[in-house]
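Below are the chains, spelled out letter by letter.
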Amino acid sequence: FVAARGTQVALATAANLGRLARAGAAHFVGRGDDGGAACVIGGGPSCGGFDRIPHGVLTLTVNTAAPRVCAEIAPDVLVIREVVPAVRELAALPHAPKCIVLDICACPATVERALDVAPVLWALPAQALLGWLSRILEQEPVYGGESAMNMAVALATRFGCTSQTLLGCDLAFGRGGEAYGDGTAWSGCRVDVRDGAVDFGSTRDAMIANARNSGVPAAYVREQGSPVLMEDGTSGLALETWVSQRAWVEQWARRHPTHRFANLSGGARIDGWPRAERVLQGVPFGEVPRVTVDTASLTAEVRRQVRAAREAVASEQPWRSPDALDGWPLVDFAAAKDVLETSWRHLPIRLALAERGPIVLRAAAAVEAAFEGS
């Protein structure tokens, strides 16, 4: 992850923090009272049938599903995490979501577009590299797994929804090789199966181009499929990323043994989320809880990190610096990919350190420029 996306994530975070610092305040996700019910809508082959969602159930969806979902209903929450732009998913939505929850690491171009679509709430993912940010902003991070769907489940719990239903979260290919539902962002993306491998052919071209345009390595055209047990008892195939997302929601159910979970998706079997025919209900849901956070302190902290990183490179004993304990995590994250490469080449330590100084300086300059909006 660090090698493929670390630099882009760090600079997107810096740019978003700069935006928040200049605004002086921002809305972050809050915590609600228990008793509500939520339906989390993914972009899988079963994405549809939203008339099955009763009034009073909180609806959360993800950017991949947004074009299909928002063609029929106005979801309460649209969750976006990608550092790859999700601008095309936000274009001309017939029904705007009531709010958009953005991961603090989301692509700045997506942020720019989202602000024109609906009120924005921010979420801090529970990542060790962002622990300093939770402390500065005094905000509890969201243990949101590795996808927007995972974070939507975590947010539903944060908002007080002790009953949750999955819809369109197949986490497996459809019987015809479909990867996503009709009308979703990647509608038409499907695979042929050959000797256990899944081949997307040209159906992933738009996704690949979107990734490359943002400097992120493109998704594979061909990769190994992972066998999964389907809800109907037959065997199916999934991408490895879907397998790990399924493991995360299974763990979530185990972590919340007093809550109720159900699955209307009909794809891969998800332990702890029994197959259901209807959406679970609870106390009628009201407003999505939010808190207003003072963001003025971000400027001093990000500038401190940039200054401290530069001083560390210039010093012969950086560990003696008064900044050494707090460090410069945002700069380190931006530099991590290139620093790792000096380790992978097994350079003698003196040569590796000689290369790492300029790497850190370039990362500090990039973080500074992103934060300042230049």
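As the structure is a computational prediction, the values presented were derived from the model and not from experiment. (Residues numbered from 1 in each chain as written. Predicted model: local features only at pLDDT ≥ 70, side-chain atom pairs only at ≥ 80, totals over all residues. Heavy atoms only, no water.)

**Structural notes on unusual backbone geometry**
To keep it simple, the criterion reads: Secondary structure elements are taken from DSSP: a helix is a run of H or I of four residues or more, a strand is a run of E of two residues or more, and numbering for both begins at the N terminus. Accessibility here uses a 1.4 Å probe with only protein chains present; expressed as a share of the type maximum, an area under 20% marks a residue as buried, one over 50% as exposed, and anything in between as partly exposed.
At Ala 92, a residue that is not glycine, the phi angle is positive and equals roughly 50 degrees. Within the secondary structure layout, Ala 92 lies in the loop between strand E4 (77-80) and strand E5 (99-103). On the accessibility criterion, Ala 92 (69% relative accessible area) is exposed. Within the chain, Leu 171 stands out as a residue other than glycine whose phi angle is a positive 55 degrees. Along the chain, Leu 171 falls in the loop between strand E7 (161-167) and strand E8 (192-194).

**Observations regarding the side chain of Thr 110**
We count it as follows: Polar contacts here mean pairs of N or O atoms no more than 3.5 Å apart (in protein, one a potential hydrogen donor and the other a potential acceptor; neighbouring residues in sequence count only if both atoms are side-chain atoms). Contacts are assigned to residue pairs with any non-hydrogen atoms lying within 4.5 Å of each other.
Position of Thr 110 relative to the elements: it lies in helix H3 (residues 108-114). Polar contacts involving the side chain of Thr 110 include one to the main-chain amide nitrogen of Ala 86, which spans 2.8 Å. When residues no more than four places from it in sequence are discounted, the contact partners of Thr 110 are Ile 80, Val 84, Pro 85, Ala 86, Val 87 and Leu 90.

**Notes on helix H7 (residues 240-255)**
Our working definition: Multiplying 1.5 Å by the residue count of a helix minus one yields the expected span of that helix.
In this model H7 runs 23 Å from its N-terminal to its C-terminal C-alpha over 16 residues, within 8% of the 22 Å that 1.5 Å per residue would give. Listing the buried residues of H7 in full gives Trp 242, Val 243, Gln 245, Arg 246, Trp 248, Val 249, Glu 250, Trp 252 and Ala 253. In the core, the buried residues of H7 are packed alongside helix H5 (148-158), E7, strand E11 (226-229), strand E12 (235-238) and strand E13 (260-263).

**Some remarks on the packing of aromatic side chains**
The cut-off we apply is this: Note on aromatic pairs: the rings of Phe, Tyr and Trp (six-membered ring only in Trp) are paired at centre separations within 6.5 Å, and the planes decide the class, stacked below 30 degrees, edge-to-face beyond 60, tilted for the rest.
Throughout the structure, instances matching the rule amount to 7 aromatic pairs. Plain terms: the ring middles of Trp 248 and Trp 252 are 4.9 Å apart, the flat faces sit at 20 degrees to each other, and that makes the pair stacked. Taken together, the positions of Trp 248 and Trp 252, both in helix H7 and 4 residues apart, correspond to about one turn of that helix. Across the pair, Trp 252 and Trp 248 agree in class, each one buried. Taken together through their ring pairs, the aromatic side chains of Phe 173, Tyr 180, Phe 200 and Trp 242 make up a single cluster.

**So, the side chain of Arg 81**
Mapped onto the secondary structure, Arg 81 falls in the loop between E4 and E5. Polar side-chain contacts of Arg 81 include one of 2.8 Å to the backbone oxygen of Gly 144. At 3.2 Å, the side chain of Arg 81 and the backbone oxygen of Ser 147 are in polar contact. Leave out the neighbours within four places in its chain, and Arg 81 touches Asp 103, Cys 105, Ala 106, Pro 125, Gln 127, Gly 144, Gly 145, Glu 146, Ser 147, Ala 148 and Met 151.

**Here we look at the sheet that holds strand E9 (residues 197-199)**
Stated formally: We treat two strands as partners when DSSP finds at least two bridges between them. Between N-to-C directions, angles cover 0 to 180 degrees, with each direction set by a line fitted to C-alpha atoms, over the stretch in contact for helices.
Across the sheet, 3 strands lie side by side as E8-E9-E10; this open sheet has antiparallel pairing. Each edge of the sheet is formed by a strand with only one pairing partner; in this case those strands are E8 and strand E10 (222-224). Direction aside, the axes of adjacent strands within the sheet are offset by 30 degrees on average. The pairing of E9 with E10 spans 3 bridges and is antiparallel. From the neighbouring strand, Asp 199 faces E10, where its bridge partner is Arg 222.

Everything listed is a geometric property; what it means functionally is a separate question.
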